Amino acid sequence: MILSVKNLCKNFADTQAVKRLNFQLSGGDITGFVGPNGAGKTTTLRMMASIEEPSSGSIELDGHSIISNPELAREKIGFVPDTLPTQDDMTVFEYIDFFARAYAIKPARRRVLVHDLMEFTNLLGIREKLLSALSKGMKQRVSIARSLIHDPAFILMDEPAAGLDPRARIELRELLRVLSRQGKGILISSHILSELSEICSSTLIIEQGAMLKFGSIEEITENDVSHRRLIIRPLGSLEEFSNFMILLPGVENLVVNGKFVEFDFAGSDDDAFILLKEIVSSDRKITEFRFRQQNLESVFMNITKGEVQ
Amino acid sequence: MTALDNIIDRCDERINPIIVKELRQVVRGKFFWGVLILFLGFQCVVLSLSLADQGSRYNNSGQETLMFLYGVLFLASFAVIPIYSGFRFSRERNEGSDELLFITTITPQTIIWGKFAAAFLVILLINSAFAPFMAMTFFLSGVDLWSTFIMILLGLVVSAAGTMFQICIGSLAREGGSMVLFRIAGLFFQVMMFFSLMSISSEMVRYGLDRTFSSGYLYSSIATFVTFIVSGTYLLYHAAAAVVAPAATNRMLPVRVAATILWLVTLLMAGYWAVVSSNFEVFAVWGFMASYVLSMACLVAISERDFVTERVAREIPAGIIKGRIAFLFFSGAAGGLAWILILQILTFAIVLLVTGLPGATAYSGRSILSDFVLYSGSFYCYLLGYSLLAAFIRRVFVADHIDIRNTWVVALLTCAVFSIVPILAGGVMGMGSEDLLIANPLYVSAVRRTDSVLLFAASLAVIGLVINAAWIARQFKEFYREMDA
């Protein structure tokens, strides 16, 4: 099953919250949705969940529009909003049972499903607890359990890890992995980029409502070659080596870090090879020559400006 | 699985999930038990004191006891529970927790019906708990059991309407400022209605049913009253569901259908009473009410979206006649204004027709028709004119800052400015003419030159129509293009 977003736009009065977004999700994929605050992530997720209507563009599930047929979205998409359940005077069981009823699941199946889901999300032990008595992490689990009640093919999660302690985050990560193995496509927005890069197979980066990057983590980090950091370990005087390097083309922001010389290198792999050849031909000895591994965090910092609409 | 389990499951499947949720929450909450125990305590104390007072059996103090008990019951049924239900709903709306329901199979109608039914079940429960105490007053003197029974039944009907009204107010109360405003208005209305209905109930107990309602027409009067309340509740139900429904849906369709049904039902009731009482003034009263309500609906119509959404387009029926009728009833500003115009024309035509009947041409020495045309006609023209002016101002000058759904606020502000500025300017320039009131729709009765009022209001409406002609035409064309597609 494929969920595709084409030229998606959303305007609020004079603000263009989302600008021509294009991407698609497949079952089993976990896609990170990254962007600064106010970038349009929540609006996009809400449109995909059929809560908001786009100003233009389309959202299709296997070729069928969910804008004109929102019932499709309700059947196949689960949504975890950025707010936690607020019905404080309901127990965990009552809350999940209520949503099972809301999805018109037959009583006999509902009883089994609610039990199984609570077991899966590790909520059985607190089934009779009031929502008001739960921690943030537990409430988030309840929210995820609710989004899974109708066995959706895609799950959209808006900042599910916000405010969770490390243990709850690890548990959430494991839960997402299990859901992904079950073939569910997951789109998860988060600010915790290190975690996203651990669990996501692809990433979508947006800023000011517009898409900056979309692809697998490897593609994104490898493609961002404009600001790669080169690390060299020379033998001999570090000062003399630094003075030599700083004069070479494409070398910027050079620093000495312990036994290493590090600098930003604005050039391609071929340019890096020419640089290496130049060092060796000048009779300088080096024992290490490598690019620092790009991660999602550095890519994100490089390509976004942190501006909101 | 036993047969009994099957039956239970089948019933369970049919129960509105909102009712289950609401009742679970209400029963768990301290509020419900607090109200029940407190008010039952009141009943016990008052009844015990009355029964202990031997002298009370020889005068009409039974009526006083009954009225006190009924007052307590009615306070719980008509005021406390409905206001509490509305408050809870407005809080949920404010938190946005109802949004998640729209990605389930639940419809806005199911939500409103569930909220209403749960609150009404609580009211029934409280009534059941209080009824034995009220029946005990029969042992005191001066109490007519039949009147008491009818009074409780009518109390339940108006409590249902009050509950729906508060839920409707709760559905409106979405954001900070407006939430407070709507809640205060709703509270004020409910309290005002409480005292009015209490005085009618007191009349019923004191003088009996026959004297409270028109003698000889007891059951017709009650049936008319109940029909009116039920139809109004039905309209409020759809209005609340429309407010709750996502903006892109065809949410005005059920409201306009319900309003048209209410218009027809009240017309039939007016016809019945005109024939039974041989008094055609009933039609004039109906005409005034219908026309005023329809005029107010202009504010709602211009606050609707002015383009056809995909979800609305999907529902447009095939066929020229069906499509044209759909334009009037489907969500859309121009369609709403056209629907109001047609119902206004029909209302005026009916009043015009009945005033032409023998014996119906005059009342209190004045022509029904001229008064109707003056008051209803000018009020409609004022409202239409200000609404259209507001639509123009919003669209041309402040579209980036004010959403179309708030056009009604611009209309009220425009009306306020047009009403106040001439008076202030007149004050500054030392002029004190009553003509300065002419732009105020509420001062039509205070201005003696009625022809100029009508002329001004009609001019305002015509100007509004002219400056919005392109906007209205675009909506017509867009709808028919979607219909053809």
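Since the structure is predicted, the reported quantities are computational estimates derived from the model, not experimental observations.

A. Broad picture of the overall build of chain A. Along chain A, the regular secondary structure elements total 11 helices and 14 strands. Its C-alpha atoms give chain A principal-axis dimensions of roughly 80 × 45 × 30 Å. Taken over 309 residues, chain A has a buried fraction of 39%.

B. Inspection of the domain arrangement of chain B at higher detail. Here the domain parsing of chain B yields domain 1 (10-245) and domain 2 (280-485). Once you take the C-alpha centre of each, domain 1 of chain B and domain 2 of chain B turn out to be 34 Å apart.

C. Structural view of the sheet that holds strand 12 (residues 251-257) of chain A. All names here are of chain A. A sheet is described by the order of its strands in space; here four strands give the open sequence 12-13-11-14, paired in antiparallel fashion. Strands with a single pairing partner mark the edges of an open sheet, and in this sheet they are strand 12 and strand 14 (286-291). The average undirected angle you get between the axes of adjacent strands in this sheet is 20 degrees. The pairing of strand 11 (residues 228-234) with strand 13 (residues 260-265) spans five bridges and is antiparallel. Paired with arginine 228 across the bridge in strand 13 is phenylalanine 265.

D. Here's a closer look at the pairing of strand 1 (residues 2-12) of chain A. All names here are of chain A. Where strand 1 meets strand 2 (residues 15-26), eight bridges bridge the pair, whose relative direction is antiparallel. Note on strand 2: the bridge partner recorded for leucine 8 is leucine 21. Across five bridges, the pairing between strand 1 and strand 4 (residues 56-61) is antiparallel. Bridging across to strand 4, serine 4 finds its partner in glutamate 60.

E. Molecular detail of the interface of chain B and chain A. If you look at the interface, chain B gives 30 residues, while chain A gives 27 residues. The set of elements that each furnish at least two residues to the side of chain B that touches chain A consists of helix 1 (3-14), helix 2 (17-28) and helix 12 (310-315) of chain B. Broken down by element, the residue count for the side of chain B that touches chain A peaks at six residues, all from helix 2 of chain B. Classifying every residue of the side of chain B that touches chain A gives nine nonpolar, eight polar and 13 charged.

F. Focus on the nonpolar core. Counting 182 residues, the largest nonpolar core has Ile96 and Leu156 of chain A together with Met164, Cys168 and Ala240 of chain B as its most contacted members. Setting aside its immediate chain neighbours within four residues, methionine 164 of chain B contacts Phe116, Thr233, Leu236 and Tyr237 of chain B. Leu230, Ile232, Phe263 and Phe265 of chain A belong to the second-largest nonpolar core, a separate cluster that totals six residues.

G. How the structure looks around the domain arrangement of chain A. Taken domain by domain, chain A holds domain 1 (2-216) and domain 2 (228-293). Here the C-alpha centroids of domain 1 of chain A and domain 2 of chain A sit 45 Å apart.

H. Layout of the packing of helix 11 (residues 281-301) of chain B against helix 14 (residues 333-355) of chain B. All names here are of chain B. Between helix 11 and helix 14, the least distance of the axes is 10 Å, while the angle of their chain directions is 170 degrees. As far as their axial angle goes, helix 14 and helix 11 are roughly antiparallel. Where helix 11 approaches helix 14, its residues Phe283, Ala284, Gly287, Ala290, Ser291, Leu294, Ala297, Cys298, Val300 and Ala301 are matched on the opposing element by Ala333, Gly336, Leu337, Ile340, Leu343, Gln344, Thr347, Ile350, Val351 and Val354. For the contact of helix 11 with helix 14, a count of residues per class yields 15 nonpolar, five polar and no charged.

The rules behind these values
- Residues numbered from 1 in each chain as written.
- Chains lettered and ligands numbered in written order.
- Predicted model: local features only at pLDDT ≥ 70, side-chain atom pairs only at ≥ 80, totals over all residues.
- Helix = DSSP H or I, 4+ residues; strand = E, 2+ residues; numbered from the N terminus.
- Buried ≥ 20, exposed ≤ 12 C-beta atoms within 10 Å, placed from the backbone.
- Domains from an automatic or database assignment.
- Pairing = 2+ DSSP bridges.
- Axes fitted to C-alpha atoms, helices over the stretch in contact; angles between N-to-C directions.
- Contact = placed C-beta atoms within 7 Å.
- Nonpolar A, V, L, I, M, F, W, Y, C, P; charged D, E, K, R; others polar.
- Core = buried A, V, L, I, M, F, W, Y, C linked by C-beta atoms within 7 Å.
- Parallel < 35°, antiparallel > 145°, perpendicular 65-115°, else oblique.

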